[in-house]
Protein chains: 2
Amino acid sequence: MEIESRAQAFEDALRRVGVRITRQRAALLRVLADAEDHPDATQLHQRAMAAGAGVSLATVYRTLAALETQGVIQKLEFEGEPARFEPADGNHHDHMIDVETGEVMEFVNERIERLQAEIAAEMGYEIVRHRLELYVRRRR
Amino acid sequence: MEIESRAQAFEDALRRVGVRITRQRAALLRVLADAEDHPDATQLHQRAMAAGAGVSLATVYRTLAALETQGVIQKLEFEGEPARFEPADGNHHDHMIDVETGEVMEFVNERIERLQAEIAAEMGYEIVRHRLELYVRRRR
DNA sequence: ATAAATGCAAATGATTTGCAGGCTC
DNA sequence: GAGCCTGCAAATCATTTGCATTTAT
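Just so we're clear, the structure is a prediction, and the values are computed from it rather than from any experiment.

About the thresholds
- Residues numbered from 1 in each chain as written.
- Chains lettered and ligands numbered in written order.
- Predicted model: local features only at pLDDT ≥ 70, side-chain atom pairs only at ≥ 80, totals over all residues.
- Heavy atoms only, no water.
- Buried < 20%, exposed > 50% of the residue type's maximum accessible area, 1.4 Å probe, protein only.
- Helix = DSSP H or I, 4+ residues; strand = E, 2+ residues; numbered from the N terminus.
- Arc of directions from axis to C-beta.
- Contact = heavy atoms within 4.5 Å.
- Polar contact = N/O pair within 3.5 Å; in protein donor to acceptor, adjacent residues only side chain to side chain.
- Near = heavy atom within 4 Å.
- Buried area = accessible area lost by both parts, 1.4 Å probe.
- Salt bridge = Lys/Arg side-chain N within 4 Å of Asp/Glu carboxyl O.

**Considering helix 3 (residues 41-50) of chain B**
All names here are of chain B.
- Of the positions making up helix 3, those classed as buried are Ala41, Leu44, His45 and Ala48. The buried residues of helix 3 all sit within an arc of 100° when viewed along its axis, so they share a single face. The outward face of helix 3, more than 90 degrees from its buried face, is lined by the exposed residues Gln46 and Ala50.
- Where helix 3 is buried, its residues contact helix 2 (23-34), helix 4 (57-69) and strand 2 (84-87).
- Structurally, the start of helix 3 carries an N-cap: the backbone nitrogen of Thr42 is 3.1 Å from a side-chain oxygen of Asp40.
- Within two residues after helix 3, Gly52 carries a phi angle of roughly 90°, on the positive side.

Next up, the structure:
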């Protein structure tokens, strides 16, 4: 009741705000809940299709937009590639991208978070959201 | 000999690596050198045109690509907008974007820079480049 | 002279949208 | 049953590219 419940939780969250759960949306939610990586719209489409669900790419995009609005998923826009998506598991984190392999890793650093807030405050602003990406290479 | 020399410095840097300075490139370099903000390709095109230089948008893009390759300018890809460009003045900095006005501000924080390097190192990587953007709102 | 740069228009790639018919609540 | 959803194809938007022509060096 781990993986299973994640897709379920997504459905519940959506139903709560009046979003209809169609066959294609249910399929996408399952694919998203199962994703260990950070897939883009096309990959999600392919996975849903591979899972036997008939979905159009247009619907994938429309559903992803709705899910993001509802805060169920997070859209990631890395440099020079199509947008990727990840389930929003509540706890914020930043990303590290291996420029050689394309692998995406997650990390959190409280000190950096704090420093960011301080910098903004010093200039008279408050942070709405931020984006921190480290493009890295494995050390020899 | 301040503003004037910046565009000049750009030209010299390009000539040095064998890039030809055409009428349209000279115009773009001038527009870039004078930019106080962070304009996108279309804006740069308009400014060059307004300055009396006939340039096609295609050439603007091609020139910007060349300038970026030569390290003369820096390309900025903020969320959901066309890429912007800024002259590369050597010293690295990050960006803060006022989500209300769209204004872009620059800042540097040594501690954050250091922390980033540490995080990468801890995971066995070295930073190739990074991107830190604070989307902020003015405090009341 | 010659290789590089330009302009135009057509191509690309990701994402969005209008509309007619379907399906969930 | 009513209205949100879907699929499809066409439209958008930013950016890139092929090709014939110009131009800097």
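After presenting the structure, the write-up continues.
**Considering the protein's contact with DNA strand C**
- Among the 19 residues in the neighbourhood of DNA strand C, the closest are listed as A:Tyr61, B:Gln24, B:Ser56, B:Thr59 and B:Arg62.
- Within the side chain of A:Arg20, one N or O atom sits 3.1 Å away from a base oxygen of DNA strand C.
- Residue B:Ser56 places a side-chain N or O atom 2.8 Å away from a phosphate oxygen belonging to DNA strand C.
- Only helix 4 (57-69) of chain A together with helix 2 and helix 4 of chain B provide two or more residues apiece to the surface near DNA strand C.

**Points about the interface of chain A and chain B**
- Contact residues are listed per partner, giving 37 residues for chain A and 37 residues for chain B.
- Of the roughly 3700 Å² buried at the junction of chain A and chain B (both faces included), carbon and sulfur atoms supply 58%.
- At the boundary of chain A with chain B, the tally comes to eight salt bridges.
- For A:Arg111, the salt bridge is made with B:Glu118, and the minimal N-O distance between the two is 3.9 Å.
- One can count 16 residue pairs in polar contact (both at pLDDT 80 or more) joining chain A with chain B.
- Looking at the side of chain A that touches chain B, the elements that each hand over two or more residues are strand 3 (94-98), strand 4 (104-107), helix 5 (110-122) and strand 5 (125-138) of chain A.
- It is strand 5 of chain A that provides the largest number of residues to the side of chain A that touches chain B, a total of 14 residues.

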